[in-house]
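# Fold and geometry: a report
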Amino acid sequence: MQVVYKSEGQIEAIRVSSLLVGDTLAEVASRIKPGMRTIDLDRVAETFIRDHQAEPAFKGYHGFPASLCISVNAEVVHGIPGNRELKDGDVVSIDCGVNKGGFFGDSAYSFVIGEVPAKTIELLRVTKRCLMQGVSKAVEGMRIGDISEAVQDLAESHGFGVVRELVGHGVGLKLHEKPEVPNFGKKGTGLLMKKGLVIAIEPMINAGKKQVKQLNDGWTIVTSDGLPSAHFEHTVAIGVGKPDVLSSFDKIEIAEANNINLGKPHQITEVNG
Ligand code: MG
Ligand code: MG
């Protein structure tokens, strides 16, 4: 499959979908509280997405049963919403995709509930900064490996583990397109990026070792050492001179700040690392 370059009109449609993902995650973030089941958050998201004349892109994707991936603590990504109740001290990574009119947006954000160890706060802050470091390289004339190395270097400089098995990806006309966007690699390597390319950059960073394994449910990826993991993701159009971030954390961050049940790792707004 070839890399698909998008027209400016297509990019604007992908922006609409990507912003709806952010709005959905903000709606979900405003509802998170201890004792709530992850399936309840999934229903909030599905209703919100459908109320906005869009489809949850994950639901039915290769048989995935829900609208959100909700991955708690040692779960890295692809957690299936269910009867599990959230509790104080949990790290909750929520990934969402929507399809509106045939255009796809994809974004993820990690939250903490109540009090967590300082190391966990550091994990979330660094993972979010890794994303923004990667995003800063999403400009015409740079290569995919420039993104990869920027993410890996920052994560490893804090002693965290960079997941190898799962990667970012092209996005827009499908949920997952070429090229792969690894969170590890060497600058100056990989696809030369140019205007029209739209990618999801999504560092998955572990507090401990990089190794992961898949649970018997066929979906959930967990850390091998049982330590927590964090995940942040933006949909980004390659820009000339600067990246064009199509998704947004603005409303999510407001919801996070206003929800008394959530810890606040991100009071300091970080731009480009
Ligand atoms: Mg995603
Ligand atoms: Mg993705």
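Residues numbered from 1 in each chain as written. Chains lettered and ligands numbered in written order. Predicted model: local features only at pLDDT ≥ 70, side-chain atom pairs only at ≥ 80, totals over all residues. Heavy atoms only, no water.

## Some words on the coordination of the magnesium ion (ligand 2)
For clarity, the cut-off: Only nitrogen, oxygen and sulfur atoms qualify as donors, provided they sit within 2.8 Å of the metal or within 3.2 Å for Na, K and Ca; with water excluded from the atoms, sites may seem incomplete. A run of H or I in DSSP becomes a helix once it reaches four residues, and a run of E becomes a strand once it reaches two; helices and strands are each numbered from the N terminus. Partly exposed residues are those whose accessible area sits between 20% and 50% of the maximum for their type, while under 20% is buried and over 50% is exposed, using a 1.4 Å probe and protein chains only.
Here the magnesium ion (ligand 2) is held by Asp106 (OD), His169 (NE2), Glu202 (OE) and Glu233 (OE), and the distances to it run 2.1 to 2.2 Å. Motif for the magnesium ion (ligand 2), donor spacing along one chain: D-x62-H-x32-E-x30-E. The distance between the magnesium ion (ligand 2) and the magnesium ion (ligand 1) is 3.1 Å, with Asp106 acting as a donor to both metals. Separated by 31 residues along the polypeptide, Glu202 in the loop between strand S9 (198–201) and strand S10 (204–206) and Glu233 in the loop between strand S13 (229–231) and strand S14 (234–237) bring together distant segments of the chain. Under the relative-accessibility criterion, Glu202 is labelled buried at 6%. Take Glu233: its relative accessible area is 0%, and that puts it in the buried class.

## Examining the nonpolar core
Here is the rule: By convention a nonpolar core is built from buried Ala, Val, Leu, Ile, Met, Phe, Trp, Tyr and Cys residues, the set being connected through side-chain atoms within 4.5 Å. Here, residues are in contact when the closest pair of their heavy atoms is within 4.5 Å.
Ile32, Leu41, Ile94, Phe111, Ile147, Ile199 and Ile201 are the most contacted members of the largest nonpolar core, which has 58 residues in total. Per-element accounting of this core gives the leading share, 7 residues, to helix H3 (residues 118–136). Leaving out residues up to four positions away in the same chain, Phe111 has contacts with Ala29, Ile32, Asp90, Val91, Val92, Ile94, Leu124, Ile252, Glu256 and Leu262.

## Topic: the state of the cysteines
Operational definition: Note on disulfides: each one is a pair of cysteine sulfur atoms within 2.5 Å.
This model, assessed by the stated rule, comprises 0 disulfides. Cys96 forms no disulfide, and the closest cysteine sulfur to it belongs to Cys69, at a distance of 9.2 Å. For Cys96, a relative accessible area of 0% corresponds to the buried category.

## Regarding the pattern of salt bridges
Quick reminder of the rule: One side-chain nitrogen of Lys or Arg within 4 Å of one carboxyl oxygen of Asp or Glu is enough to make a salt bridge.
Counted by the stated rule, this structure contains 14 salt bridges. The salt bridge partner of Asp244 is Arg15, with a shortest N-O separation of 2.8 Å. Of this pair, Asp244 sits in strand S15 (residues 244–245) while Arg15 is found in helix H1 (residues 8–31), placing the two residues 229 residues apart along the sequence. Here the residues in one salt-bridge network are Glu46, Arg50, Glu55 and Lys59, joined through shared partners.

## Digging into the sheet that holds strand S8 (residues 177–181)
Note the cut-off: When DSSP finds two or more bridges between two strands, those strands count as paired. Lines fitted to C-alpha atoms define the axes here, with helix axes fitted over just the stretch in contact, and angles between the N-to-C directions of these axes take values from 0 to 180 degrees.
Reading across from one edge, S8-S7-S9-S14-S15 is the order of the 5 strands in this open sheet, with antiparallel pairing throughout. Each edge of the open sheet is held by one strand with a lone partner, namely S8 and S15. The sheet contact formed by S9 and S14 spans 4 bridges and is antiparallel. By the bridge assignment for S14, Ile201 is matched with His234. The strands that H1 touches are S9, S14 and S15; relative to S14, the one it contacts most, it runs at about 165 degrees. Sitting on the sheet, H3 is in contact with S9, S14 and S15, with an inclination near 10 degrees to S14.

## Regarding the coordination of the magnesium ion (ligand 1)
Taken together, the protein donors to the magnesium ion (ligand 1) comprise Asp95 (OD), Asp95 (OD), Asp106 (OD) and Glu233 (OE), at separations of 2.0 to 2.5 Å. Donor residues binding the magnesium ion (ligand 1) come from one chain and are separated in sequence as D-x10-D-x126-E.

## Focus: unusual backbone geometry
In this model, Lys178 is joined to Pro179 through a cis peptide bond whose omega is -5 degrees. You will see that Asn73, though not glycine, has its phi angle at about 60 degrees, which is positive. With respect to the secondary-structure elements, Asn73 resides in the loop between strand S2 (68–72) and strand S3 (75–77). Non-glycine residue His78 carries a positive phi angle of around 70 degrees. Mapping His78 onto the fold places it in the loop between S3 and strand S4 (91–100). A residue is classified by how much of its surface remains accessible, and His78, at 24% relative accessible area, is partly exposed.

## Here's the deal with the packing of aromatic side chains
This is how it is decided: Pairs were defined over the aromatic rings of Phe, Tyr and Trp, the Trp ring being its six-membered one, requiring ring centres within 6.5 Å. Orientation was assigned from the angle between planes: stacked under 30 degrees, edge-to-face over 60, tilted for the rest.
Within this structure, the stated rule accounts for 5 aromatic pairs. Ring plane angle 40 degrees and centroid distance 4.9 Å describe the contact between Tyr109 and Phe111, whose orientation is recorded as tilted. The same class applies to Tyr109 and to Phe111, which are both buried. When the centroid spacing of 4.9 Å and the interplanar angle of 75 degrees are considered together, the rings of Tyr109 and Phe232 count as edge-to-face. Of the two residues, Tyr109 sits in strand S5 (residues 103–112) while Phe232 sits in the loop between S13 and S14, which places them 123 residues apart along the sequence.

On their own, these measurements won't tell you what the molecule is for.
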